[in-house]
Structures are given as structure tokens and as C-alpha cells.
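Listed here are the chains, written in short residue letters.
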Amino acid sequence: MQEILEDFKSESIRNLISTGRRPDGRAFEEVRPISFETGVISTAEGSCLIHLGDTQILVAVKTATGEPYADSPDMGVLITSAELVPTAAPEVESGPPTANEKYVEIARVVDRTIRESEMIDMQKLSVEPGKLVRILFLDIHILDDGGNLIDGATMAGVLALRSAKVKKIAYEDGKVTVLDEEEPLPVKGFPLACSIAKFGNALLVDPTYEEEIAMDSKIVFGIDEEEHIRAMQKSGPGPWQREQIEQAMELAQKTVKDLRKRLTEGETHEED
């Protein structure tokens, strides 16, 4: 019965979109309201709680020291993980979110967008090349799945990293000493992700949970501040024509540019 209701709802959404309208009244190129707060977890070096419409995501940054990877002895390490609380969405069950590809891909795409944009100067996270580096843990917690999780998680992750403060450390004779003085992480730039959902010939930004169920498929673009595409991820079986991908890319670049401006203004407001 539940599947029949979901199919009926999806068909209703598709029919509505075919007439040029969305269920919540937004334009196809309109992003839902965004609000965020950084520094919400006192035990983390950086954190951000973001609301993207009904979507609510908390991201925390924690640091540690350890050995570098063998193939990058003078580079720090970034480890990104994602988990959902059982009440985040109807289909989420208790335990690790390993059964649903929709959630497994969140950490992968967020990590790729941040890493490939070179937002973090990984060399500056090296304490002693080949021996000791800083390890950054970017932990994503989905509190409420209102749709478009990758975009929301990327925003929250980037804002958490940009606002993070870490203790300085000293390393001598194989011993690590944590100092009282704090410093920001070596971050630059402002990469963001933009998901474009496809309904036939219609392209929509910031799809809701219900729209994601009804859509043909979507493409997520990870874009840096110079409008370079740093990551791409397609979800769903629906095919895309070359022209549609090009249109989606242009729409994503425009959307990210506007989002970055809004989020930067929000950071300034928080500082004030």
C-alpha cells in the first residue's frame, strides 16, 4: 500500500513539474531558505549546523596526529564520514547506513569536492615529513533528510572547516606537545556542490526529498570559487543528453556563485 501511495505521489509531482510548477511553489532555479550557525559543538575544533529548507545537517571537525600515507609522506590526511540518525528519514534504520547508496555517496562526494578543490593546504598539515602529520576528521550527521543532502553537507563541511581553530603543536625528539595557542586551519577558497535534478526536459536545483523520489536522475557538481568543476556524481538510472549536461553545468555554476555570496554574507553576520 505504501509503495502505491509513493508512486501516486511521484506521478503527481512529475505532472506538476511538467506544467512548470514545483510542489513548494519555488522556481526551477530557486534554492530553499538557508540558515547556519558555526561553533555549535564545544568539543570539536570546528562545527556547523545548517538548515536547507527542511534538511538539517550537523558537521563536526576533529583533529589528531598520526603517520602520513606512504604515497604522500609530506601531506596531511582528510577522513570524511557520514551517518544518519534513525529519525532522519522514513527508510533509515538503526546502525551504519551501509544499505542505501543514497547515503553512502554523501561522504564520498563531499570529500572529493573539498579535496580536489585543494581548499585545504595538505602540506601545511605536515608536522614532520614521513613521520607525523595532522589528521582531519570531517564527520557529517544527517539530522533531518528534507532532500539534497550532498549540497547541504558540503556547505556545512566547508563552513565548519573555514571556522575551525586548532591547538598549535610542537614536535621534538619524537614527542608531541600540544600548546595553548590556537590557529585556524590552512584553508582557502570556498568549494560548494550543486545538485541538478532531471524531470524529462526540466532541470531543477535543490530538489526536496519528495522530488528526489520522483526525479529521473540527478547530477551533482562540485565547483570551486573559480567556477572549475572539481567533482561530478550521477545518481539514478535516467539518461542525460550532452546538451542537458551542459545546461545543468551552467545552471550549477550560476547557483553556486549565488550560494557562495549568501554564505559569505552569513559568515560576516556571524562575526558581527
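In this text, all values refer to a predicted model and were calculated from it rather than measured experimentally.

Let us look at the sheet that holds strand E10 (residues 202–205). Taken in spatial order, the 4 strands make up an open sheet running E10-E9-E11-E12, and their pairing is antiparallel. Each having just a single partner strand, E10 and strand E12 (229–235) make up the two edges of the open sheet. Sheet twist, expressed as the mean angle between neighbouring strand axes with direction ignored, is 20 degrees. Pairing of strand E11 (residues 217–223) with E12 involves 6 bridges; the strand directions are antiparallel. By the bridge assignment for E12, Gly-222 is matched with Ala-231. Relative to strand E9 (residues 192–199), helix H3 (residues 149–163) is tilted by about 170 degrees, and along the sheet it contacts E9 and E11.

Let us look at the pattern of salt bridges. Scanning the model with the defined rule gives 16 salt bridges in all. Three or more residues joined by partner-sharing salt bridges are found here, namely Arg-22, Asp-24, Arg-26, Arg-32, Asp-206 and Glu-211.

Let us look at the nonpolar core. Ranked by size, the top nonpolar core spans 53 residues in total, and within it Ile-106, Ile-114, Leu-161 and Ile-196 carry the most contacts. Residues within four places of Ile-114 in sequence aside, it is in contact with Leu-78, Met-119, Ile-120, Leu-138, Val-158, Leu-161 and Pro-191. With 8 residues, the next largest nonpolar core counts Ile-17, Ala-197, Leu-204 and Ala-214 among its residues.

Attention now moves to empty space enclosed by the protein. Per the stated rule, a full pass over the model turns up 3 cavities of 30 Å³ or more. Its boundaries defined by the atoms lining it, the largest cavity holds a volume of some 50 Å³. Together, Val-31, Leu-52, Asn-148, Asp-151, Met-155, Ala-193, Cys-194, Val-205, Asp-206, Thr-255 and Leu-259 line the largest cavity. If you list the elements that add at least two residues to the lining of the largest cavity, you get H3, E9 and helix H5 (242–271).

Moving on to H5. Helix length check: H5, at 30 residues, gives a terminal C-alpha distance of 43 Å against a target of 44 Å (1.5 Å per residue), a fit within 8%. Along its buried surface, H5 packs onto strand E1 (34–38), H3, E9, E10, E11 and E12.

Positionally, Phe-190 belongs in the loop between strand E8 (175–184) and E9. Judged by its relative accessible area of 4%, Phe-190 falls in the buried class. Along the sequence, Phe-190 and Lys-62 sit 128 residues apart, while their C-alpha atoms lie 20 Å from each other. In this structure Phe-190 touches Val-158, Leu-159, Arg-162, Ile-223, Glu-225, Arg-260, Leu-263, Thr-264 and Glu-267, once residues within four positions along its chain are discounted.

Its location among the elements puts Ser-47 in strand E2 (residues 46–52). Owing to a relative accessible area of 1%, Ser-47 belongs among the buried residues under this scheme. In terms of polar contacts, Ser-47 uses its side chain to reach the backbone amide nitrogen of Val-40, at 2.9 Å. At a separation of 3.0 Å, a polar atom in the side chain of Ser-47 contacts the main-chain amide nitrogen of Ile-41. Ser-47 has contacts with Glu-37, Thr-38, Gly-39, Val-40, Ile-41, Val-59, Ala-60, Ala-160 and Ser-163, leaving out every residue within four places of it along the chain.

What counts, and where the lines are drawn
Residues numbered from 1 in each chain as written. Predicted model: local features only at pLDDT ≥ 70, side-chain atom pairs only at ≥ 80, totals over all residues. Heavy atoms only, no water. Pairing = 2+ DSSP bridges. Helix = DSSP H or I, 4+ residues; strand = E, 2+ residues; numbered from the N terminus. Axes fitted to C-alpha atoms, helices over the stretch in contact; angles between N-to-C directions. Contact = heavy atoms within 4.5 Å. Salt bridge = Lys/Arg side-chain N within 4 Å of Asp/Glu carboxyl O. Core = buried A, V, L, I, M, F, W, Y, C linked by side-chain atoms within 4.5 Å. Buried < 20%, exposed > 50% of the residue type's maximum accessible area, 1.4 Å probe, protein only. 1 Å grid on protein atoms, 1.4 Å probe; cavity = no way out; pocket = protein on both sides within 12 Å on 5 of 7 lines; lining within 4 Å. Points joined across faces, edges and corners; volume = space filled by probe spheres on them. Expected span 1.5 Å × (residues − 1). Polar contact = N/O pair within 3.5 Å; in protein donor to acceptor, adjacent residues only side chain to side chain.

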